[in-house]
Amino acid sequence: MIGIVGGGIAGLAAAHRLQQHDYDVQVFEASDDLGGLAATYETNGDRIEKFYHHLSASEQTIIDLIEELGLGDDLEWPIGKNAYYVDGVVHPLDKPWEILAYPHMSVYDKFRLTLLTQEIDIRGGIPKFDSYERLEDFEDVPIKQFLLDHTSRGVYENFFEPLLDAKFGSRKEDVSAAWLLGRIKFRGERDLLRGEPLGYLRGGFGRLIDALVEEVGEENITTGVRVTDLDTEDGEVRSLTTEAMRSTEVTTTAADGGTTETHDVNGVVVAAMPNVLEDLTGYECEVDFQGAVCALVTMEESITDTYWLNIGHDAPFGALIEHTNYIPPERYGGDHLLYVASYIQDYAEELWQMNDDEIEELWLDHIEEMFPQWNRDSVKEFRLARNPRAAPVYERGYLDMVVPFDLGDDIADGIYYAGMASKAQYPERSLNGGIVAGYECADRIAGKKEVVSPR
Ligand SMILES: Cc1cc2nc3c(=O)[nH]c(=O)nc-3n(C[C@H](O)[C@H](O)[C@H](O)COP(=O)(O)OP(=O)(O)OC[C@H]3O[C@@H](n4cnc5c(N)ncnc54)[C@H](O)[C@@H]3O)c2cc1C
């Protein structure tokens, strides 16, 4: 039997693929619910993710899995409008004429930004195409230096810097240019006249988790148990120990003393954060993570017509994401749903220390200031999700720090890693990356892939 630590998308995908290779599997999930970071809330209609989720057209593995599990007809590609909020004004930034009309960048800056997105380098006066093909070349280049060299100060200060502030805060100077270029490539084809179609599974991505659970079989999944130990002998993994969780609260510290059980295994896939891998095996991963605080605000009225609103000023949140400007409110009983999101670089930050009520007041006060016409009384519910490890910090040298899929050489034969610090989750962590990581481990276990170094 192959034991799988974690019942998020990566663990479930690993289990599914292993079964396709004829292996017996058992998934162990510490929480009472499956899905990990893709967990959902109930609404007056369809379920919705606790943290905003959509797909990019380049994410073929998840698209194929959705199709394979019979949900292909429900994968939709609506356009979500993007905009930038600067000095009290929402500036739409999807269509060429909207970008041309954006007043906070010069025509020259816009030209340089366009060239960057088309991967054209005009330094030295001669345009070079496909200049950013090899991301490895930019792995050690600081993002700021790259943007100042390859675009203009205006592009950096008026376009990218506020976005980097929102995403990486005090860590923004550490991020590599390879990350930015990877993100540009990662995005799907844009419809020039309308914007970028983003994928959403009708009824929410919880349906994908449910379909995977059904496929893997509930008898092969145990929830409410934390894996606390892996036992190795003669350089091979032999068994894993689980402990039943007493409370529904899943913490990242030691388990809270429930019943323990030992299971014999022929292999283990750790499909959880690298701190879990370290607790179980001692493998130290240098990748740093950022936390996230994300509210879902249920409202009777909409605030703007934008899906993704970046904030170009100092705000206590990084973005306002109005989900029901992307997926119609009718799916949620007519309610309007807004995500308010902020990333945390340091757990000593005030926001991370605040309780839910304090965050609600701070955020709604600020939204009211930004949109004086908005009726705060239309808020019906404010639900807050927090996660201490919501995304890796893609700093310089990141690819040297990723955890290999096969840890045979590093720990013991039969131990594999499919969590967020794997290479599959670069340049952006995603559901697709989780599935790829699960498949990579399963294929290696089945001997379908060579053992290769992470780079
Ligand atoms: C704010 C935010 C926005 C996002 N936006 C998008 C998006 O737009 N599109 C997209 O595709 N992705 C998005 N993602 C990323 C996506 O949710 C993740 O990449 C994906 O869900 C990770 O899956 P995973 O299985 O690797 O890890 P997780 O979902 O973290 O699952 C790991 C599981 O392991 C369990 N576990 C931990 N320790 C143990 C143990 N010792 N024993 C047993 N179980 C254990 C945990 O309880 C958890 O359920 C977003 C994430 C966040 C936080």
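The structure we're discussing is the one just above.
First things first, this report covers the structure right here in the doc. (Residues numbered from 1 in each chain as written. Predicted model: local features only at pLDDT ≥ 70, side-chain atom pairs only at ≥ 80, totals over all residues. Heavy atoms only, no water.)

What follows concerns the sheet that holds strand β9 (residues 221-223). Taking strand neighbours across the sheet as the criterion, the 5 strands line up as β9-β2-β1-β13-β19 in an open arrangement whose pairing is parallel. Looking at strand neighbours, the two that pair on one side only are β9 and β19 (415-417), the edges of this open sheet. Put simply, the sheet's adjacent strands are angled 20° from each other on average, direction ignored. Where strand β13 (residues 267-270) lies against β19, 3 bridges are found, and the strand directions are parallel. (Pairing = 2+ DSSP bridges. Helix = DSSP H or I, 4+ residues; strand = E, 2+ residues; numbered from the N terminus. Axes fitted to C-alpha atoms, helices over the stretch in contact; angles between N-to-C directions.)

Neighbouring the ligand are 29 residues, the closest being Glu29, Leu37, His53, His54 and Leu431. Residue Ile9 places a main-chain N or O atom 3.2 Å away from an oxygen atom belonging to the ligand. Protein burial of the ligand: of its 1,000 Å² of free accessible surface, 93% is covered by the chains. Elements with a contribution of two residues or more to the shell around the ligand: α1 (9-20), β2 (25-29) and β10 (225-233). Considering every element that reaches the shell around the ligand, the biggest residue donor is β10, with 3 residues. For the shell around the ligand, the per-class residue count stands at 18 nonpolar, 8 polar and 3 charged. Per-domain counts for the shell around the ligand show at least three residues from each of domain 1 (2-40 + 204-286 + 395-445) and domain 2 (54-94 + 191-203 + 289-392). (Near = heavy atom within 4 Å. Polar contact = N/O pair within 3.5 Å; in protein donor to acceptor, adjacent residues only side chain to side chain. Areas by Shrake-Rupley, 256 points an atom, 1.4 Å probe, with all protein chains shown as cover. Nonpolar A, V, L, I, M, F, W, Y, C, P; charged D, E, K, R; others polar. Domains from an automatic or database assignment.)

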